[in-house]
Amino acid sequence: MFSCSIFLGISLLNILRGFYVSACDYSCPDKPVLTPSRLVVKYGDPTSAICVACQKDCLPLEESVIGMEASRGKTTINGTTLTWKVDHLREWELTPKCFYTDKNDNQCCSNLIVTVYKPPEHVIMRLNEAGPLTEGTEYTLECSVQNVAPARNLTVAFYRGQTQLGHVKSTSTTKVPVSETFSLSYNTSKEDNGAHFWCEAKLELGAEGPKPPPVVKSNDLIVTVHYGPELKVPADPAPINIISGKTLQLNCSAEGNPDPLYSWTLPSNKGHHTEKTLTIESVDFQDGGRYVCTVSNKVSTVSVRFNVTVQKNILLYVIAAVIAAVVLCFIGAAVFYTFYYKQNKMGKYRLKDAFRLGRVDHTTVPLSL
């Protein structure tokens, strides 16, 4: 009750003595000291500050003009010390002033810097284009921050997964809540297919602000990126030599989004093939030549060219030669058996052979006398 009476009396004295806050001198050697010198308050929260109006140039209390000029809150005075309190701070632009009149009738003042903040209600990540993206095309990532204050302390960061892509600071100077959309240009690649993009809004309120700073994260935006076929095989492979009758298999596998389609051009014009692997079970001479595999999707087209040469199967000739040699050997053995071996074993001799092979003993026997 006593403090209220003093405050009312001081206020009346201010009016009688013509005190005007606009005439404040902020360079007084013994100016009011506020603790803290700066307040950072979340909208709707309670807050308070203490002001020591003067220390050396103070007049007697009954002669002094002393007080706290504020549109919200209550002030209690104990000597030259003032305590200002607010139960629920719901004013965006507020600058309380602590003041007193010195012995030279100089009006000395100090301002209490108050920052009222409000984290964003929503943070939304989106693209400037709907539907699938195309590799190698530049798009705009957009981060919408709704109902945040003060925007001058706002920084928005863009992310792909856990990698930061960049950040943007607000240029707004208003203290009341605003909604803003921040943009970042981004060039897509095939690695972005299925990637998670998101953004976060951070209020960087300085040393007096909350720790850690208020951060609101957006939704995850999962993108689909279309990219042209990329071959898993060489586009111009080495020439292929294959023996007639063997199986020919050609592969032109590729990866792309959407899934690529395959089309083959054959030297023999045998049918229409739409698989990534072409198989001919038994090649013939007419299957030799150039094979072209065309791989395409809605983004781009690539081709693979195979040069195939079909050679004679010399193995057949080798087998035929071996068979012929075996036959000749068999015939030779049969002739030998018939004309030599069989005749000798069966005893069929010619007369001249008998004289050649046998010997006659012509020894002379002496006569008896």
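What counts, and at which threshold
Residues numbered from 1 in each chain as written. Predicted model: local features only at pLDDT ≥ 70, side-chain atom pairs only at ≥ 80, totals over all residues. Heavy atoms only, no water. Core = buried A, V, L, I, M, F, W, Y, C linked by side-chain atoms within 4.5 Å. Buried < 20%, exposed > 50% of the residue type's maximum accessible area, 1.4 Å probe, protein only. Helix = DSSP H or I, 4+ residues; strand = E, 2+ residues; numbered from the N terminus. Contact = heavy atoms within 4.5 Å. Pairing = 2+ DSSP bridges. Axes fitted to C-alpha atoms, helices over the stretch in contact; angles between N-to-C directions. 1 Å grid on protein atoms, 1.4 Å probe; cavity = no way out; pocket = protein on both sides within 12 Å on 5 of 7 lines; lining within 4 Å. Points joined across faces, edges and corners; volume = space filled by probe spheres on them. Nonpolar A, V, L, I, M, F, W, Y, C, P; charged D, E, K, R; others polar. Patch = residues over 30% accessible without salt bridge, like charges linked within 9 Å, V, L, I, M, F, W, Y side chains within 5 Å. Areas by Shrake-Rupley, 256 points an atom, 1.4 Å probe, with all protein chains shown as cover. Salt bridge = Lys/Arg side-chain N within 4 Å of Asp/Glu carboxyl O.

The name recorded for the chain in an unreviewed UniProt entry is Ig-like domain-containing protein, from Ataeniobius toweri.

Enquirer: Give a description of the nonpolar core that names residues and reports values.
Expert: Ranked by size, the top nonpolar core spans 27 residues in total, and within it Val-145, Leu-154, Val-156, Phe-158 and Phe-197 carry the most contacts. Those elements giving two or more residues to this core turn out to be β10 (122–127), β12 (138–148), β13 (154–160), β15 (178–187) and β16 (196–203). In terms of residue count, β12 provides more of this core than any other element does, five residues in total. Excluding residues within four positions of it along the chain, Val-145 makes contact with Pro-120, His-122, Val-123, Leu-154, Val-156, Val-178, Ser-179, Glu-180, Phe-182 and Ala-201.

Enquirer: An account of the sheet that holds strand β20 (residues 240–243) is needed here, citing residue identities and associated values.
Expert: Pairing is mixed across the open sheet formed by four strands, whose spatial order is β20-β26-β25-β23. Every interior strand has two partners, whereas the edge strands, β20 and β23 (261–265), have only one. In this sheet, neighbouring strand axes are inclined to one another by 25° on average, regardless of whether the strands run parallel or antiparallel. Pairing of β23 with strand β25 (residues 289–296) involves five bridges; the strand directions are antiparallel. By the bridge assignment, Ser-263 is partnered in β25 with Thr-294.

Enquirer: Now, about empty space enclosed by the protein: what can you tell me, with residues and values included?
Expert: Think of a ball as big as a water molecule: rolled over the atoms, this probe shows where empty space is left. Under the counting rule described, the total for this entry stands at two cavities of 30 Å³ or more. The wall of the largest cavity is formed by Cys-54, Cys-58, Leu-59, Leu-61, Ser-64, Ile-66, Thr-80 and Tyr-100. Taken together, the residues that form the lining of the largest cavity break down as six nonpolar, two polar and no charged. Put simply, the second largest cavity is a space of about 30 Å³. The wall of the second largest cavity is formed by Leu-127, Leu-133, Tyr-139, Leu-141, Tyr-186, Thr-188 and Phe-197. Classifying every residue of the lining of the second largest cavity by side-chain character gives six nonpolar, one polar and no charged.

Enquirer: An account of a nonpolar patch on the surface is needed here, citing residue identities and associated values.
Expert: Taken together, the side chains of Ile-319, Ile-323, Val-327, Leu-328, Phe-330 and Ile-331 make up a nonpolar region of the molecular surface, amounting to roughly 610 Å² of accessible area. With respect to the helices and strands, Val-327 occurs in helix α2 (residues 314–346).

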